[in-house]
Amino acid sequence: MDFVSDSLRGGRKIRALCVIDVCTRENLAIEVDLSLPSARVVRVLERLIGERGAPAAITVDNGPEFTSRTMGECAERLGFALDFIEPGKPSQNGHVESFNGRFRDECLNQHWFLGLQDARTTISSWRRDYNQSRPHSSLGGLTPLEFHEKNFGQDPRGDGVALAA
């Protein structure tokens, strides 16, 4: 998981927490707000883990939201390891960095968000398209949702959108 920043029409900054499943290439969540402190990151993870189960590890950079006591306690309580990349080495978290580049090019750079709700709606729509309509060569030409359904059954919520943010 990682953060991406952008801004609204009036110049106010927004942040997006992007969570990727490395196995299925699914974008499990894009949480968008003006501020996303570690307690909010923990709530997103609790929701995802409640629906999907805990991963063995989550790869993150050394940002304060990920190195906080709140995040460390969450990892211990929910049973996953935090796999910190080396400072200044984003390529060590290449899957999410690749996703973030695509997200920026295809969504953030293509839209001028009128407000926070507009950003959330637009990003949610892009996310749905990414998971449902985009075949990946690394998945044998399947979309992330098709790959998940083929290998793990229906998505946990049954709505065809893997864990919408």
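Below you will find a few notes about this structure. Only a predicted model underlies this, so the values are computations on that prediction, with no experimental measurement involved.

### Considering the packing of aromatic side chains
Part 1 of the argument: One pass over the full model with this rule turns up six aromatic pairs.
Part 2 of the argument: Seen in terms of ring centroids, Phe99 and Tyr130 are 5.0 Å apart; in terms of plane orientation they differ by 85 degrees. Their pairing is edge-to-face. With Phe99 in helix α4 (residues 94-106) and Tyr130 in helix α5 (residues 116-133), this pair connects stretches of sequence that are 31 residues apart.
Part 3 of the argument: Taken together, the aromatic side chains of Phe99, Phe103, Trp126 and Tyr130 make up a single cluster linked through ring pairs.
Part 4 of the argument: One Lys or Arg, Arg15, reaches over the ring of Phe3 and ends 3.9 Å from the middle of that ring.

### Some thoughts on the packing of α4 against α5
Part 1 of the argument: At a closest axis distance of 11 Å, the pairing of α4 and α5 adopts a crossing angle of 125 degrees. Comparing the axis directions of α4 and α5 gives the class oblique. Where α4 crosses over α5, the handedness of that crossing is right-handed. Contacts from Phe99, Arg102, Phe103 and Glu106 of α4 reach α5 at Ile123, Trp126 and Tyr130.
Part 2 of the argument: Class assignment for the residues of the contact of α4 with α5 results in five nonpolar, no polar and two charged.

### Observations regarding the sheet that holds strand β1 (residues 2-7)
Part 1 of the argument: Ordered by their spatial adjacency, three strands build an open sheet running β1-β2-β3, and the pairing between neighbours is antiparallel. Edge positions in the sheet fall to β1 and β3 (27-33), since each of these pairs with one other strand and no more. In this sheet, neighbouring strand axes are inclined to one another by 20 degrees on average, regardless of whether the strands run parallel or antiparallel.
Part 2 of the argument: Relative to strand β2 (residues 13-20), β1 runs antiparallel, the two being bridged by six bridges. Across the sheet, the residue bridging to Ser5 is Arg15, located in β2.
Part 3 of the argument: Contacting β1, β2 and β3, helix α1 (residues 38-52) runs over the sheet at an angle of about 155 degrees to β3.

### Here's the deal with unusual backbone geometry
Part 1 of the argument: Phi is positive for Arg25, close to 65 degrees, though the residue is something other than glycine.
Part 2 of the argument: Following the sequence through the fold, Arg25 ends up in the loop between β2 and β3.

### Some details on the pairing of β2
Part 1 of the argument: Among the eight residues of β2, six are classified as buried, and the element is accordingly described as predominantly covered.
Part 2 of the argument: With antiparallel pairing between neighbouring strands as the criterion, β1 and β2 make up a hairpin whose turn holds five residues, including Gly11 at a positive phi of roughly 95 degrees.
Part 3 of the argument: One ladder, built from six bridges, connects β2 with β3; its direction is antiparallel. For Ala16, the partnering residue across the bridge sits in β3 and is Val32.
Part 4 of the argument: Taken together, β2 and the strand that follows it, β3, pair antiparallel across an intervening segment of six residues, in which Arg25 is found at a positive phi of about 65 degrees.

Parameters and conventions
Residues numbered from 1 in each chain as written. Predicted model: local features only at pLDDT ≥ 70, side-chain atom pairs only at ≥ 80, totals over all residues. Heavy atoms only, no water. Phe/Tyr/Trp six-rings, centres within 6.5 Å; stacked < 30°, edge-to-face > 60°. Helix = DSSP H or I, 4+ residues; strand = E, 2+ residues; numbered from the N terminus. Lys NZ or Arg CZ within 6 Å of the ring centre and 35° of its normal. Axes fitted to C-alpha atoms, helices over the stretch in contact; angles between N-to-C directions. Parallel < 35°, antiparallel > 145°, perpendicular 65-115°, else oblique. Left-handed = near helix turned anticlockwise from the far one by under 90°. Contact = heavy atoms within 4.5 Å. Nonpolar A, V, L, I, M, F, W, Y, C, P; charged D, E, K, R; others polar. Pairing = 2+ DSSP bridges. Buried < 20%, exposed > 50% of the residue type's maximum accessible area, 1.4 Å probe, protein only.

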